[in-house]
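Coordinate inspection notes
Spelled out, the chains give:
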Amino acid sequence: MSNLTVNAVKEEVRAWLQENWDAGLSLVEWRNKLADSGWGVPDWPGQWYGRDLPVAMLPEIEEEFAEVNAVGVARSGIRMLAAATILEHGNDLHKKEFLRRILTGEDTWCQLFSEPGSGSDLAGATTRADFDGENWIVNGQKLWTTSAHHADYGLLLARTDWDVPKHQGLTYFILDMTQPGVDVHQVKQMNGHASFNQVFITDATVAPQYRVDEEGAGWRVAMTTLAHERRNADGMNRLNRDSGLPGAIYEEERKEVATVMEPYKWYPQRAGRVDLVMQRAKQTGRIENASVRQEIAKLLIMSKSAEWTARRARAAQELGMPQGPEGSLGKLAASNVAKQASGVHTLISGADALLTGSDGAMDGLIAEVLVSVPAVSIAGGTDEIQRNIIAERVLGMEKEPRFDSGPFKDVPRNVV
Amino acid sequence: MNFEFSEEQNLLREQASGFLKDHCSTKVVRKILDGDESYDQELWTKVVEMGWTATVIPEEYDGLGMSYLELCVIAEELGRSLAPLPFSSSVYLATEALLVAGSKEQKEEWLPKLASGSIIGCLAAGEGKGQVTPKSLTTSADASSLSGSKLPVADGDIADFAVVFAACDSGDGASTYLVDLNQSSVSRQKLDTIDPSRSHAKIDFAGASAELLGKEGEGWALLNNIYDRAAVLFAWEQVGGAETALEMAKDYAMGRFAFGRPIATYQAIKHKLANMYVKNTLAKSNCYYGAWALSTNAPELPIAAATARVGAIQAYYFASKENIQTHGGMGFTWEFDCQFPYRRSKLLSINIGSEPVWQEKLIKAIETGRAA
Ligand SMILES: Cc1cc2nc3c(=O)[nH]c(=O)nc-3n(C[C@H](O)[C@H](O)[C@H](O)COP(=O)(O)OP(=O)(O)OC[C@H]3O[C@@H](n4cnc5c(N)ncnc54)[C@H](O)[C@@H]3O)c2cc1C
Ligand SMILES: Cc1cc2nc3c(=O)[nH]c(=O)nc-3n(C[C@H](O)[C@H](O)[C@H](O)COP(=O)(O)OP(=O)(O)OC[C@H]3O[C@@H](n4cnc5c(N)ncnc54)[C@H](O)[C@@H]3O)c2cc1C
């Protein structure tokens, strides 16, 4: 990516924004313009709302948006995992029907993978989909489904064949969450928020055209979704900040943040809020303490190396190198950073960190870090699973002996 | 910023790694560890012939005038092969000191010889007890004569000259001198250390003739600058060594059976190796950052050097100790090679300042608002 092309692209987007950016439009009107122009997701294919530009160009383009306070497409949350999966495995019908509305923010998505009986062992899913000659009929229970209570659609992994080995009997569907057979209940988390849900599915239907990829190919498709999740493609690390600007379109954006994005409001805290550490250490004077300094230094080094590793991965991606293990590595790095950060915040705040709400350090934000951090090592595949992946796929170490080969119906599993 | 080396740099790597595989097997390391020699002279001669000692020395001083990225590539491969050579002393420390602070005459005198490998340099800062500071320095110099004791000095027993730090009353409290070690007022004594594959010595100066390097009273700043630069190069060596430890562990785990199956199939072993891999990879990312800062003389160098150094110390120690653990009882024998990376990791974790020192440097740099 030469400076020449970067400058040319920046110039082009600047000119386009000058011509088109209009805070008087409605959010959806504006985002439709973005979709049509390709400037909303410039890294997507030209044929589908993008401009085939390298990912590394995105920050440069975002700079131009920020320059004129232009609103972007809706690009955080499970919707981006849905988009990535559909771009890779969906057919043209899926792309036509869903991608645009994902970008405009009109539709919200959730990921119906984990179940009470199978989380890490995703291929052990027992939610079933049976074809009745006309439609797929879905029955079962999903758990930990983030955003299901707002979602219009779900990425559903269900079993369609019980007589083949577990990985071969799964199929991937797009489930309409607004139908009567889908019953969603929020589940309260240890940090007091309730961003995930239980989803009871009883005779819900999926029309045949909403199957993604082949029957029995569900595992392969799910791997795409998970790879993007691990790569942090869910955009959670760039949660929409409140522009603070007056005007109808910003008002609409704020409303979006307050509603559909509400489940993610604690996500920065679960990552450990490394950004607050130096400032807090200086404010409290704890920066003077030798052992606190050492722990802060360790944290900053961990967090820097995670950042550089992510940038290296992105650079490799751009050079067209095959996607490696960076997702697993990045997840483990993030989980270590979060844990260390929680320790450091405790050291800095002392007893203050115990108090929640307005009595606590930074109005309870620090306490929220402490009770949110454990999620990072679980959500999106636990640390242990990431280590297995690295050992087996990267280092090429032999798999453990397993007890779940053969037809799935005979595999020992949880009774739920 | 680049996160990968260029095609030419990767070619250099292939060449270096092929060469070291042929000429620096662990047998060579073991020969130095077990024997009386301070370094492998045959290997040194070949390394010099390859031009590695001349890498970043400008062409006007008979060097190759390449960038620090090339030197990072070489450092990584030398670290990977655990080479028993005075390369780091002569190249990362002595050559750097001259490049950073040498006068034109000094450069003309010393750099061509360093490039051609006809002389070996070393750096003498520490005086044995604890972290050296300008206040703790007892070595002193007047006009042109220097007295005091330095230890441990890496390669001090075989080097031809030393870059020596001595107390002074002006400026930051230290000045730097070039001292010819082959003079009668210098005596040296080889020391036993935890890593006998890299030699160390105590050097006594009794009114040795010395020549000021850089300005009087700017020695401490110079030392810190040299350490920042060398930290990046050492970090590449350390990451190379850490990768060797992981390779060794992996090879052993795949071939060793316990309880009817390869130990590589046990998660306790898998996760150990996965953790090694994660630490190594993260540390390497910091090395790239450091390489970039070093090669562009970026103001971020102190921060980049500290992150590279601490990450590399941790990764190397972790990988080398877990490699021993993976080998079970065999790992604890003299016969097995597991001890080499472990010893080297310990040595390199303290040679130019240990973890807390660099952590403190990092915090200071961030506190005082130098670019983070
Ligand atoms: C905040 C949050 C949000 C989430 N959002 C979603 C969502 O939107 N959609 C969704 O589908 N899921 C979601 N999840 C679920 C998440 O993916 C699962 O919780 C996770 O994969 C672990 O599965 P489990 O809870 O069933 O634990 P289990 O699989 O029962 O694991 C229990 C313990 O055993 C360990 N373990 C299991 N198998 C192995 C093995 N082979 N080797 C070593 N150790 C093993 C695990 O590491 C863990 O420590 C979310 C979870 C959290 C915490
Ligand atoms: C200082 C010292 C003194 C000793 N003294 C004696 C003595 O007096 N008498 C005597 O009989 N022996 C003695 N031993 C031998 C010692 O008991 C063995 O070295 C030890 O039991 C490990 O066996 P191993 O070396 O064969 O390693 P292995 O069994 O080959 O193990 C290699 C690695 O694989 C791991 N591993 C193996 N199986 C599993 C598993 N199921 N799950 C997870 N990880 C696994 C191990 O923890 C180790 O990290 C001594 C060893 C040492 C180092």
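Since we're looking at a predicted model, the values are computed, not measured. (Residues numbered from 1 in each chain as written. Chains lettered and ligands numbered in written order. Predicted model: local features only at pLDDT ≥ 70, side-chain atom pairs only at ≥ 80, totals over all residues. Heavy atoms only, no water.)

1. As for the overall build of chain B
- Looking only at helices and strands, chain B has 11 helices and nine strands in total.
- Against the 2.2 N^0.38 benchmark of 21 Å for 372 residues, chain B shows a C-alpha radius of gyration of 20 Å, consistent with a compact globule.
- Projected onto its principal axes, the C-alpha coordinates of chain B cover approximately 75 × 45 × 40 Å.
- Evaluated residue by residue, chain B yields a buried proportion of 59% over its 372 residues.
- Sequence-distant contacts in chain B: of pairs separated by 6 or more residues, those separated by 24 or more amount to 74%.
- Accessible surface, chain B: about 14100 Å² in total, of which carbon and sulfur atoms supply 52%.
- A gap of 8 Å separates the mean positions of the 34 positive and 47 negative side-chain charges of chain B. (Helix = DSSP H or I, 4+ residues; strand = E, 2+ residues; numbered from the N terminus. Rg over C-alpha atoms; globule rule 2.2 N^0.38 Å. Buried < 20%, exposed > 50% of the residue type's maximum accessible area, 1.4 Å probe, protein only. Contact = heavy atoms within 4.5 Å. Areas by Shrake-Rupley, 256 points an atom, 1.4 Å probe, with all protein chains shown as cover. Lys, Arg positive; Asp, Glu negative; His and termini not counted. Charge placed at Lys NZ, Arg CZ, Asp CG, Glu CD.)

2. So, the site of ligand 1
- Around ligand 1 lies a shell of 19 residues, among which A:S120, A:W144, A:T146, A:T382 and B:Q267 are the nearest.
- For ligand 1, a nitrogen atom lies 2.9 Å from a polar atom in the backbone of A:W144.
- One of the side-chain N or O atoms of A:T146 is found 2.7 Å from a nitrogen atom in ligand 1.
- Protein chains shield 69% of the accessible area of ligand 1, which is 970 Å² for the free molecule.
- Looking at which element gives the most residues to the shell around ligand 1, the answer is helix α13 (residues 383–394) of chain A, with three residues.
- Its residues assigned to classes, the shell around ligand 1 comprises seven nonpolar, 10 polar and two charged.
- Mapped onto the domain boundaries, the shell around ligand 1 takes at least three residues apiece from domain 2 (86–94 + 105–232) and domain 3 (270–381) of chain A. (Near = heavy atom within 4 Å. Polar contact = N/O pair within 3.5 Å; in protein donor to acceptor, adjacent residues only side chain to side chain. Nonpolar A, V, L, I, M, F, W, Y, C, P; charged D, E, K, R; others polar. Domains from an automatic or database assignment.)

3. Some thoughts on the domain arrangement of chain A
All names here are of chain A.
- Split by domain assignment, chain A resolves into domain 1 (3–73 + 237–263), domain 2 (86–94 + 105–232) and domain 3 (270–381).
- Together, the buried faces of domain 1 and domain 2 total about 870 Å²; carbon and sulfur atoms form 59% of this surface.
- At the boundary of domain 1 with domain 2, the tally comes to zero salt bridges.
- Put simply, domain 1 and domain 2 have one residue pair in polar contact (both at pLDDT 80 or more) between them.
- When its residues are assigned to classes, the side of domain 1 that touches domain 2 shows six nonpolar, two polar and two charged. (Buried area = accessible area lost by both parts, 1.4 Å probe. Salt bridge = Lys/Arg side-chain N within 4 Å of Asp/Glu carboxyl O.)

4. Some words on the interface of chain B and chain A
- Between chain B and chain A, the residue contacts involve 42 residues of the former and 37 residues of the latter.
- Joining chain B to chain A, the criterion identifies four salt bridges.
- Between A:R312 and B:E4 there is a salt bridge, and its shortest N-O distance comes to 4.0 Å.
- Where chain B packs against chain A, one counts 14 residue pairs in polar contact (both at pLDDT 80 or more).
- For the side of chain B that touches chain A, the secondary-structure elements that each account for two or more residues are α7 (219–255), β9 (261–262), α8 (267–296), α9 (301–326) and α11 (355–367) of chain B.

5. Description of the side chain of B:D228
- Its place among the elements puts B:D228 in helix α7.
- With near-sequence residues (within four places) excluded, B:D228 lies in contact with B:L301, B:P302, B:A305, B:W358 and B:K361.

6. Points about the packing of helix α11 (residues 326–349) of chain A against helix α12 (residues 365–372) of chain A
Residues and elements named next belong to chain A.
- The geometry of α11 relative to α12 is characterised by a closest axis approach of 9 Å and an angle of 145° between their N-to-C directions. In the packing of α11 onto α12, the handedness of the crossing is left-handed. Note on element contacts: α12 touches α11 through I366, V369 and L370, opposite S342, H345, T346 and S349.
- Its residues placed into classes, the contact of α11 with α12 shows three nonpolar, four polar and no charged. (Axes fitted to C-alpha atoms, helices over the stretch in contact; angles between N-to-C directions. Left-handed = near helix turned anticlockwise from the far one by under 90°.)

7. Observations concerning the site of ligand 2
Residue and element names in this part refer to chain B.
- Taken together, R256, A258, F259, I263, Y266, A268, I269, Q325, T326, G328 and G329 make up the full set of residues adjacent to ligand 2.
- Within the side chain of R256, an N or O atom sits 2.6 Å from an oxygen atom of ligand 2.
- One of the backbone N or O atoms of G329 is found 2.6 Å from an oxygen atom in ligand 2.
- Out of a free accessible area of 970 Å², ligand 2 has 41% covered by protein chains.

8. Some details on the domain arrangement of chain B
Residue and element names in this part refer to chain B.
- As far as domains go, chain B holds domain 1 (7–116), domain 2 (121–217) and domain 3 (221–367).
- Using C-alpha coordinates to define each centre, domain 1 is positioned 22 Å away from domain 2.
- Listed per partner, the contact involves 24 residues of domain 1 and 20 residues of domain 2.
- Surface buried jointly by domain 1 and domain 2 totals about 1600 Å² across both partners, of which 62% is contributed by carbon and sulfur atoms.
- Considering only the side of domain 1, the residues that lose the most area to domain 2 are S38, Q106 and W110, jointly responsible for 30% of the buried surface there.
- Counting across the interface, domain 1 meets domain 2 through zero salt bridges.
- Seen at the junction of domain 1 and domain 2, the total is 10 residue pairs in polar contact (both at pLDDT 80 or more).
- Ranked by residues supplied to the side of domain 1 that touches domain 2, first place goes to helix α5 (residues 87–101) with eight residues.
- Here the side of domain 1 that touches domain 2 is composed, by residue class, of 15 nonpolar, six polar and three charged.

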